[in-house]
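One letter stands for each residue in the lines below.
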Amino acid sequence: MTRRYHSWGRYPRIRQRVVRLWARHDPLPLQGLDDLSLLPFGNGRSYGDSCLNDGGALIDVRGLDRFIAFDPSTGILRCEAGVLLAEILEVAVPKGWFIPATPGTQLATVGGAIANDVHGKAHHRDGTFGRHVRCFELLRSDGTRLICSPTENSEWYAATIGGLGLTGVILWAELALKPIANPYIDAETIKCGSLDEFFAVSRESDQGYEYTVAWLDCTARGRKLGRALFNRGNHAPADLADKPRAPRRGHTVPITPPVSLVNGLSLRAFNTLYYHHQRARRQRAIVHYVPFFYPLDALLEWNRIYGPRGFFQYQCVLPAPDGEAAVREVLDRIAASGEGSFLAVIKMFGDLRSPGILSFPRMGVTLAVDFPNRGARTLALMAGLDGVVRAAGGRVYPAKDARMSAESFVRYYPQWRELVPYVDPRFSSSFWRRVTEAA
Amino acid sequence: MKRVLIIGATSAIAEATARLFAKRGDALFLAARGAERLQAIADDLHVRSAAPAETAAFDATDFASHAALIHQAEAALGGLDVVLIAHGTLPDQKACEASFDLALRELEVNALSFISLLTHVANRFERQGSGTIAVISSVAGDRGRQSNYVYGSAKAAVSTFLGGLRNRLQPAGVHVLTIKPGFVDTPMTRDFPKGALWASPETIARGIDKAIRKRRDVIYLPWFWRPVMRLIRELPEPIFKKLRL
């Protein structure tokens, strides 16, 4: 099976050349590319066009998939940038170590996790992925190799973390893992009937729980607006009586249906059923880390359910303390539109700063919603949401974006010009051209 | 736990197969040219398994060095259970048509070096009365085609040699496995446009691993190449010679 090069949202569909990098000691394979622009490509888990390069070339780095060293006494792991988080967990978990700040998929590469400075359920505790990167090597298009860390080439370190792959190819990285006693999570799910309840439970949980996130019914309106199932958990202690079984390999969505399976009817039905599926207000269980952190990975290529036109994800963060009113408005607009999806999540970010210049997370509340691509009306809805986010001083996540305007981008990331001197002169992306060339 | 010598360990198929072995806790000895690349693979396997993998430089056309290499691996691992031979190049067919020297070099790398290694390994395993010899040949060896008949001839020699070896070593209880991959997406085929018939090295590796465990004789990977190649072999020559293959 050969690889197809599209992003996770399967939108936009574009044409680009692809070359492969197979070994970290090799030079960049630039023969025959003339002056095409370049962009590293990992495992295609970015949703929009930040991992695409329309009319240019992608450098596929999945061939850089070797571990370099792992010290089980310190949890320091060095590996090539194309290694998947899943591969790290497979090696590290049996030896008592876990990935801090893991995102919601374990199928992202280490290079992608750095370039997008990903975050997850532990943001309020561990911050972003970039905070746990001790150092990495960057290969520039002129052949220069830079070792970057908080103390060495620190400006390149800051530019590359969250730098959307634009500063060069990350060849390998060294990560500091976090200790765990076993692969299990002591997890609890709490029903929240409204947005106020979500905020209350969230505030209470951030103290005592390493991991928090809520699934949200984005079709609920009025008093039920923001009703959610709040998940929280901690790594289970060593003395565990009964151990759940590790999950089996997941299923794959085998084909792309001709039309999206996500529509108004299926959406309301799913959301209502899912919310009421749990009867008790609280439910506690010991679960394996895979279903706790990566429930969607169990359905491989689930992005196909949105049909050939693909989908958008909209993820914004609305800064505290005024974020709550803005979240309410964003949710209200989504519910009123009848768009939205099975998958909407909401979480409170903490105040830990990322080392990355262009890093997305900041203190406040973050909301992520999938929208099937229905063309102009979906775009109009998101443009409206941008208005709310801009007014609230928030920002939208580039790794999940395929359509934000240059005007919005410079408002969200006024610091973007600080990145420019570090962008490799040969490197670019569809996203980067869209949000900077008009500015 | 098996004691495995992998020759051509930096090839993408060998590397993927070595990961499966390492995960199961096999003891590995890796031989290849390109020390930097080989060490990177050994380090990777060390992290994925418990034991460090031993390495040695391998020069396919330095036939005189082959016996010593096998001896070194056997000494390092305390014996040998499996030898996987996976090195190779993909000759430039057009260049070989213009130069016999080049064609000869390709035949040395892709045929004679195999015969040299196999001679030593076969005698050792025959004396030992056990062992698995797994060798990567190719569907290209099943019939000569204008687009790559130098490579095809080398692989045909390897496949035929292995057939004879299997026949000879059957009474000694030695398992000889001929592996015939089709199109595989690796650095060796980087210049080819890829289509639906292409397989990943990981897919091929899983097939090899299974075939070693099940003591199969000749495998096509992926499986569909068996009927495809049967068809290609059975086309009458008067028709076949007119095809552009």
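Residues numbered from 1 in each chain as written. Chains lettered and ligands numbered in written order. Predicted model: local features only at pLDDT ≥ 70, side-chain atom pairs only at ≥ 80, totals over all residues.

## Thoughts on helix α5 (residues 195-208) of chain A
In plain terms, the rule: Strands are runs of DSSP state E lasting at least two residues, helices are runs of H or I lasting at least four, and both sets are numbered from the N terminus onward. Expected span of a helix, by definition, is 1.5 Å for each gap between consecutive residues, and there is one gap fewer than residues. Any two residues are considered in contact once their C-beta atoms, placed from the backbone, lie within 7 Å.
For α5 of chain A, with 14 residues, the first-to-last C-alpha span of 21 Å sits near the 20 Å given by 1.5 Å per residue. Check the buried side of α5 of chain A and you find it contacts β11 (184-192), β12 (211-216), β13 (228-235), α8 (323-337) and β18 (344-349) of chain A.

## Examining the sheet that holds β18 of chain A
All names here are of chain A. Rule in force here: Following DSSP output, two strands are said to pair if at least two bridges run between them.
The strand order β15-β11-β13-β12-β18-β19-β17-β20 describes an open sheet built from 8 strands, whose pairing is antiparallel. In this open sheet, the two strands that pair with only one neighbour each are β15 (282-288) and β20 (395-396). The pairing of strand β17 (residues 311-319) with β20 spans 2 bridges and is antiparallel. In the sheet register, valine 317 faces β20, and the bridge partner there is arginine 395.

## A few points about the domain arrangement of chain A
Residue and element names in this part refer to chain A. Cut-off, in case you're wondering: Residue ranges for the domains originate in an automatic or database domain assignment. Note on residue classes: Ala, Val, Leu, Ile, Met, Phe, Trp, Tyr, Cys and Pro are nonpolar, Asp, Glu, Lys and Arg are charged, and everything else, Gly too, is polar.
Looking at the assigned domains, one finds that chain A contains domain 1 (67-180) and domain 2 (184-403). With centres defined by C-alpha atoms, the gap from domain 1 to domain 2 works out at 24 Å. Listed by partner, the interface residues are 26 residues for domain 1 and 25 residues for domain 2. Listing elements by their share of the side of domain 1 that touches domain 2, those giving two or more residues are α3 (123-126) and α4 (154-160). Split by residue class, the side of domain 1 that touches domain 2 holds 9 nonpolar, 13 polar and 4 charged.

## Structural notes on the interface of chain A and chain B
Opposite the 12 residues of chain A that make contact, chain B presents 15 residues. A per-class count over the side of chain A that touches chain B returns 8 nonpolar, 2 polar and 2 charged.

## Examining helix α1 (residues 12-24) of chain B
All names here are of chain B. Note the threshold: Here exposure depends only on C-beta density: within 10 Å of a residue's C-beta, 20 or more other C-beta atoms make it buried, 12 or fewer make it exposed, and intermediate numbers make it partly exposed, the C-beta atoms being placed from the backbone.
Taking 1.5 Å as the rise per residue, α1 with 13 residues should run 18 Å; its terminal C-alpha atoms sit 19 Å apart, in good agreement. By the criterion of burial, α1 is predominantly enclosed, with 10 of the 13 residues buried. Of the residues one or two after α1, glycine 25 is the one with positive phi, at around 95°.

## Remarks on the packing of α1 of chain B against helix α2 (residues 35-48) of chain B
All names here are of chain B. We count it as follows: Throughout, an axis means a line fitted to C-alpha atoms (over the contacting stretch in the case of helices), and angles, computed between N-to-C directions, take values from 0 to 180 degrees. Here the angle decides the label: under 35 degrees means roughly parallel, over 145 means roughly antiparallel, 65 to 115 means roughly perpendicular, and every other value means oblique. The sense of a crossing depends on the near helix, which, turned anticlockwise from the far helix by less than a right angle, makes the crossing left-handed and, turned clockwise, makes it right-handed.
One way to put it is that α1 packs onto α2 with a least axis distance of 9 Å and a crossing angle of 30°. On the basis of the axis angle, α1 is roughly parallel to α2. The two elements α1 and α2 cross, and the hand of that crossing is right-handed. Contact residues: Glu15, Ala18, Arg19, Ala22 and Lys23 in α1; Ile41, Leu45 and Arg48 in α2. By residue class, the composition of the contact of α1 with α2 is 4 nonpolar, no polar and 4 charged.

## A closer look at the nonpolar core
Convention followed: Nonpolar core, as used here: buried Ala, Val, Leu, Ile, Met, Phe, Trp, Tyr and Cys residues forming one set through C-beta atoms within 7 Å.
The biggest cluster of nonpolar side chains holds 114 residues, and the ones touching the most others in it are Ile59, Ile114, Ile170 and Ala173 of chain A. For isoleucine 170 of chain A, the contacting residues outside a window of four places in its chain are Ala81, Gly111, Ile114, Ala115, Phe136, Leu138 and Thr160 of chain A. Listed in part, the 71 residues of the second largest apolar core include Ala16, Ala32, Ala199 and Trp225 of chain B.

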